[in-house]
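Observations on chain architecture
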Amino acid sequence: QVQLVESGGGLVQAGGSLRLSCAASGRTVSNYGMGWFRQAPGKEREFVATINWDSSITFYADSVKGRFTISRDNAKNTLYLQMNSLKPSDTAVYYCAAKTSGLNWGTVGSGYDYWGQGTQVSVSS
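Residues numbered from 1 in each chain as written. Predicted model: local features only at pLDDT ≥ 70, side-chain atom pairs only at ≥ 80, totals over all residues. Heavy atoms only, no water.

1. Quick look at the state of the cysteines
- Across all of its chains, the model carries one disulfide by this definition.
- What pairs with Cys 22 in a disulfide is Cys 96, and their sulfur atoms sit 2.0 Å apart. The sign of the 55 degrees torsion about the S-S bond sets the Cys 22-Cys 96 disulfide as right-handed. Linking Cys 22 in strand β3 (residues 18-25) with Cys 96 in strand β9 (residues 92-99), this pair joins segments that are 74 residues apart in sequence. (Disulfide = S-S within 2.5 Å. Helix = DSSP H or I, 4+ residues; strand = E, 2+ residues; numbered from the N terminus.)

Here it is, written out as structure tokens:
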């Protein structure tokens, strides 16, 4: 079993930055694809960013491309999401997820096997 715990969320003004972390425990996730998803109130969960095991592949939703950066530190068993130029539309609960099979990265939530509990990001205008 893998446990994922997100941190780093909070309230920030538009144009500001936050860095989310996702610490994994239980087993190493160094071979797993990882991703970030978010869910705003009244909306469905949506893909944000994904990264493969050795960081050679990253992929972003169009809505965050150029503003967000996904990265990982396999030695620390930790995933990151650097969020810059934040907008009110980025307000959501952000979840990290781990993918143990199939393609080593992915944009579809159903392809992920482990999920964190989420961290709230609120961006004021």
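2. Quick notes on the pattern of salt bridges
- Enumeration over the complete set of coordinates arrives at four salt bridges.
- For Arg 38, the salt bridge is made with Asp 90, and the minimal N-O distance between the two is 2.9 Å. One end of the pair, Arg 38, is in strand β4 (residues 33-39); the other, Asp 90, is in the loop between β8 (78-83) and β9, and 52 residues separate them in sequence.
- Ionic pairing is found between Asp 90 and Arg 67, a salt bridge with its closest N-O pair at 2.8 Å. With Asp 90 in the loop between β8 and β9 and Arg 67 in the loop between β6 (58-60) and β7 (68-73), the pair connects residues that are 23 residues apart, well separated along the chain. (Salt bridge = Lys/Arg side-chain N within 4 Å of Asp/Glu carboxyl O.)

3. A short note on the packing of aromatic side chains
- The final tally for this structure, using the stated rule, is six aromatic pairs.
- Centre to centre, the rings of Phe 37 and Tyr 112 are 5.2 Å apart; their planes meet at 80 degrees, and the pair counts as edge-to-face. With a gap of 75 residues between them, Phe 37 in strand β4 and Tyr 112 in the loop between β9 and β10 (114-115) connect regions that are remote in the sequence. Each member of the pair, Phe 37 as well as Tyr 112, is classed as buried.
- Where Phe 37 meets Trp 115, the ring centres are 5.1 Å apart and the plane angle is 55 degrees; that geometry is what we call tilted. Of this pair, Phe 37 sits in strand β4 while Trp 115 sits in strand β10, and the two are 78 residues apart along the sequence. (Phe/Tyr/Trp six-rings, centres within 6.5 Å; stacked < 30°, edge-to-face > 60°. Buried < 20%, exposed > 50% of the residue type's maximum accessible area, 1.4 Å probe, protein only.)

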